Amino acid sequence: MREGWEPLKITVNGVQHALSVEPRALLSEYLREELGLTGTHVGCDTSQCGACTVLLDGKAVKSCTVLAVQAEGSEVTTVEGIGSVDDLHAVQAAFWDRHGLQCGFCTPGVMMAAIGLLQERPHPTEEEIRAGLDGVICRCTGYQNIVRAVQDAAGRLAAEQDRAVGD
Amino acid sequence: MTAVGESVRRKEAENKVSGAAKYNDDFTVPGMLYATLRTSTKAHATLRFVDKRKALQMPGVRAVLLGEDAKVLCGEVLADRPPLAKGRVRYSGEPIALVVADSEAQAMAAAAAIDIAYDPLPVVNSPLEAAKPGAPVIHPELGSYTKEQSPIYPQAGTNICDSAHIRKGDMARGWQEAEVVVEGDFTLPQIDHAAMETRSARVEILPDGRVQVFSSTQAPFEVQKLLSKYFAVPQGQVVVSTPLVGGAFGGKTSVNLEVLAYMASKAVGGRLVRLANTREQDIATSPVGVGMQARMKLGATRDGRLAAAEMAYWLDTGAYTDSTPRVARAIAANCTGPYRVPNVHCDVNVVYTNHVFTTAYRGFGHINLTFTVERIMEKLAHALGVDPLELRKRNVLEPGDTTPTTVRLTRSNLGDTAKCLERTAELIGWTPGSHAERIGPHTVRAHGIAAFWKTSSSPPDAISGALITMNKDGTMNLATGTVEFGAGTKTTAAQILAERMGMDVDQIHIHSDVNTKVDPEHWKTVASMSTYMSGRAVLEAAEDVIRQLKSVAATVLRCPPADLEVGGGRVYLRDDPQQYVAFKDIAHGYKYQEGDSIGGQVMGRGSFIMRHLTLLDQKTGQGRPGPAWTVGATAVEVDLDTRDFTYRIRRAATVMDAGKVINPRTARGVVMGGMNMGLGYGSRESMLYSDQGEVLNGQLRLYKLMRYGEQPEYLVDFVETPQVDSPYGARPIGEHGNLAAPAALANALSVAAGVPIDELPATPEHIWRATKGVHR
Ligand code: FES
Ligand code: FES
């Protein structure tokens, strides 16, 4: 272990990692640079943009506001962990279908924030979506298609659940 | 029609939603070195000394570069910008030193250890102030700078680094005819592009001299040419790669981090060096969008026909020119807005200030001219007592009229402004007369409308190319040089090809990155011109492919090529489609039963260059600035609280003449995004400077953007008047949602508050100030 670095046990997208980290490394840096999970983006240094949002033990958090060492023992889910190209998560499919993105830079963070929101409120109103995504910025879309995408995703998730219950 | 006009999903979007999409700074290579900048804290000062000795001793530091280490002066039009300040700093945020180290943290620590002593100089904080005789001169060397691109007309000994002019008609006669004359002063601040991906560049210089550049640029071919020129490297030895770009808005057209990263790599023996902006540097060190002060006088007959217009602009180009001289000409060329004004006198001055330097910003000066023209139209409507919508409709340019630069307009090159205005009014629920409606004890509701037009203002020799290679299975690979930063340019190109080939768009393979070594040049991915320029090249390449396919098929089917058609992955006899040969059987040559073969791999090329464009005459402005215009209108509905002047933008509508909508959902999305940016500018965004010229809001916590929940309901529609020389008649639409939104908002707020709002952003405080002393 490098001098001054600390051990870290963390589960990311279901895989356990035991690496050492610099004590001041942010979770966003650890994910991008140590694990190569570059789907988590960094758009600012004042925790404003939300491009870095991940799920930490199921809750949406801005990974640039968390030190990697603070995530010791936690489970982290990044955009790479929510679905695969063959089996997209409902939120991913909805963003793609509903043109909820343009440059795509904010998209992983927005989707993670949306997943966090939909876990708490499976059937959000438009107002709740607006309020729930308040912490993320998108410069490209003007947000309207993103709101539509989240509504669409809520519908898809509900349908998935009905199917699961029906099985 | 199979592909054009369909909302096909973006080709690159699957990678974007799965997190696999790569942006420039997503590549960390072992052994890569990190560069960082030390920037100026003063807006205007001489550098008494810059001492790097301590920094050089710091752990991990490989090199520290200062102004004297850079021999070049940079600039697209005028070479006025040293990559690192030499002797003098001209804006706060200007790079002074460049540190290369093993890690970013080490580079930053060393940068902070550089000792700098400033001797402050008087700060010039606004373009009007800067243009006054006797103002402190920011570039005493102005007369000696190299002109890289004409036209540019610097006035040595002043801060006026360029000017553009329109002289049309007879002003004396115009003012004589004018029975009603209105005047106004208009102000817009500089604005940051604020793309969510900050700019970054990596450079490696290989032992054989090849320079590998990786950059988040909108203009990889410009990076290639400028690096080749600045550092005397043969152009083919400079290879620029650009992956997906996370938003650009004009801000990534300027070539600067690449120059610094090259210098950094050179200083460490050619090793790979990364230089990436922090958000703060992205706002305060890299260029922003131009600000302005403007004055306009407009005269009309009593029945509301425009007779004469005189306007003067002072553009706040900041400390350096970059592409702002070209912005000035774009403003001049379209200075009347989409209205018929027979007599025009327009001066656009580009003025140095001690602000962050500027480059293209989505709209290329058209937000500025639209704001000026549409605010004065509103004043004129008021003075004449006519409905603002009606006044606009009465004066829109029509086929047969000429533009300020005397281009003759046709239905094809102009489109239909009146139709756009009508449809916009319909969407927003316009009631003639524009009155504020009281809807609550302290709330009034009002509408504002504004029209826009824009042409490309690109160089007359801008080029674009397309290469098609066929795969054995009959599908096609399409290579173009356009950058994908969110507008869906590559998908559009694929749709155009698919349409021409009568194929499914899924059978066209594109790559979303650009590499200057293998992709044909596309001038710059700007001015919303990809569909026109790249589309024309794609269609020409498609014809080339079709010719080759038909030639082989003619032999196979024993008929003249002229009897053949393509479609559905086949070449078939026009009179008997059952007789055909499949693409897959001829894409890589046709093999007879005996094994002997003809043909070879089918590959098509298409090459486009702008046609008939000319530079504007320096005295009169005559010339042809672009192939055609896109016209449209935006309307806004606001609810204003009359106690504290807070307001909510409830709805916003934009209708533009798209010629032909190639991808409806993408088009709507891009227009909504533009409107959102425009309303952000209108309501809150600006670069804020202290008295001393320091940037006060260099981070996203302070630089206010539209956030979720603040957006109004967006209503978007299109009129389709084909531009006949463009693929499928399509016109540019990428910037245009942005153009009239600030003006429409200001018009609505002026009605709601009962006072003219002639300066943006219209924050509640600004509105309050405007109303001070005015009784309601
Ligand atoms: S990177 Fe901007 S909030 Fe985390
Ligand atoms: S899609 Fe570009 S920032 Fe959201």
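Residues numbered from 1 in each chain as written. Chains lettered and ligands numbered in written order. Predicted model: local features only at pLDDT ≥ 70, side-chain atom pairs only at ≥ 80, totals over all residues. Heavy atoms only, no water.

Section: the confidence of the model for chain B
So, point 1. Of the residues in chain B, 99% have a pLDDT of 70 or more, and the chain-wide mean is 96.
So, point 2. Overall fold confidence (pTM) sits at 0.96, and the ipTM for the predicted complex is 0.96. (pLDDT = per-residue confidence, 0-100.)

A closer look at the domain arrangement of chain A
Residues and elements named next belong to chain A.
So, point 1. The domain boundaries assigned to chain A delineate domain 1 (6–78) and domain 2 (90–166).
So, point 2. With centres defined by C-alpha atoms, the gap from domain 1 to domain 2 works out at 22 Å.
So, point 3. Taken together, both faces of the contact between domain 1 and domain 2 bury some 1000 Å²; the carbon and sulfur share is 63%.
So, point 4. The largest contributions to the domain 1 side of the interface with domain 2 come from His-41, Thr-53 and Leu-55, which together make up 37% of the buried area.
So, point 5. Between domain 1 and domain 2 we count 0 salt bridges in total.
So, point 6. Listed by contribution, the elements that provide at least two residues to the side of domain 1 that touches domain 2 are β3 (53–56) and β4 (59–62).
So, point 7. When grouped by side-chain class, the residues that make up the side of domain 1 that touches domain 2 number 6 nonpolar, 9 polar and 2 charged. (Domains from an automatic or database assignment. Buried area = accessible area lost by both parts, 1.4 Å probe. Salt bridge = Lys/Arg side-chain N within 4 Å of Asp/Glu carboxyl O. Helix = DSSP H or I, 4+ residues; strand = E, 2+ residues; numbered from the N terminus. Nonpolar A, V, L, I, M, F, W, Y, C, P; charged D, E, K, R; others polar.)

Focus: the interface of chain A and chain B
So, point 1. Counting residues at the interface gives 46 residues for chain A and 58 residues for chain B.
So, point 2. Taken together, the two surfaces of chain A and chain B that pack against each other cover about 4500 Å², and 53% of this comes from carbon and sulfur.
So, point 3. In this structure, A:Arg32 and B:Asp26 form a salt bridge, with 2.9 Å as the shortest nitrogen-oxygen distance.
So, point 4. For the pair chain A and chain B, the number of links is 24 residue pairs in polar contact (both at pLDDT 80 or more).
So, point 5. When contributions to the side of chain A that touches chain B are tallied by element, the ones reaching two or more residues are α1 (27–34), α2 (90–97), α3 (107–120) and α5 (144–166) of chain A.
So, point 6. A class-by-class count of the residues in the side of chain A that touches chain B yields 20 nonpolar, 16 polar and 10 charged. (Contact = heavy atoms within 4.5 Å. Polar contact = N/O pair within 3.5 Å; in protein donor to acceptor, adjacent residues only side chain to side chain.)

Side note on the pairing of strand β14 (residues 291–300) of chain B
Residues and elements named next belong to chain B.
So, point 1. Most of β14 sits inside the fold, with 8 of its 10 residues counted as buried.
So, point 2. The pairing of strand β8 (residues 180–188) with β14 spans 9 bridges and is classified as antiparallel. Residue Thr-187 lies in a different strand from β14, and its bridge partner there is Gln-293.
So, point 3. Note: β14 against strand β15 (residues 306–318), 10 bridges, orientation antiparallel. Along β15, the bridge assignment pairs Gln-293 with Trp-314. (Buried < 20%, exposed > 50% of the residue type's maximum accessible area, 1.4 Å probe, protein only. Pairing = 2+ DSSP bridges.)

Comments concerning the sheet that holds β3(A)
Whether parallel or antiparallel, the strands of a sheet pair through hydrogen bonds between backbone atoms.
All names here are of chain A.
So, point 1. Strand order in the open sheet made by the 5 strands is β2-β1-β5-β3-β4, with mixed pairing throughout. Strand pairing shows two members of the sheet lacking a second neighbour, β2 (15–21) and β4, which therefore form its edges. For this sheet, the mean inter-axis angle between neighbouring strands, taken without regard to orientation, is 40 degrees.
So, point 2. In this structure, strand β1 (residues 6–12) lies alongside strand β5 (residues 75–77), joined through 2 bridges in parallel fashion. Paired with Val-12 across the strands is Val-76, a residue of β5.
So, point 3. α3 contacts β3, β4 and β5 of the sheet and is inclined by roughly 40 degrees relative to β3. (Axes fitted to C-alpha atoms, helices over the stretch in contact; angles between N-to-C directions.)

Let's talk about the pattern of salt bridges
Residues and elements named next belong to chain B.
So, point 1. Across all of its chains, the model carries 53 salt bridges over all chains by this definition.
So, point 2. As a salt-bridge pair, Arg-295 and Asp-185 come within 2.7 Å of each other at their nearest N and O atoms. One end of the pair, Arg-295, is in strand β14; the other, Asp-185, is in strand β8, with 110 residues separating them in the sequence.
So, point 3. Residue Arg-295 is classed as partly exposed on the basis of its relative accessible area of 43%.
So, point 4. A relative accessible area of 45% means that Asp-185 is categorised as partly exposed.
So, point 5. Asp-401 is the salt-bridge partner of Arg-340, the closest N and O atoms lying 2.9 Å from each other. Highlighted residues: Arg-340 in the loop between α9 (324–333) and β16 (343–352) and Asp-401 in the loop between α11 (388–395) and α12 (411–414), separated in sequence by 61 residues.
So, point 6. For Arg-340, a relative accessible area of 33% puts it in the partly exposed group.

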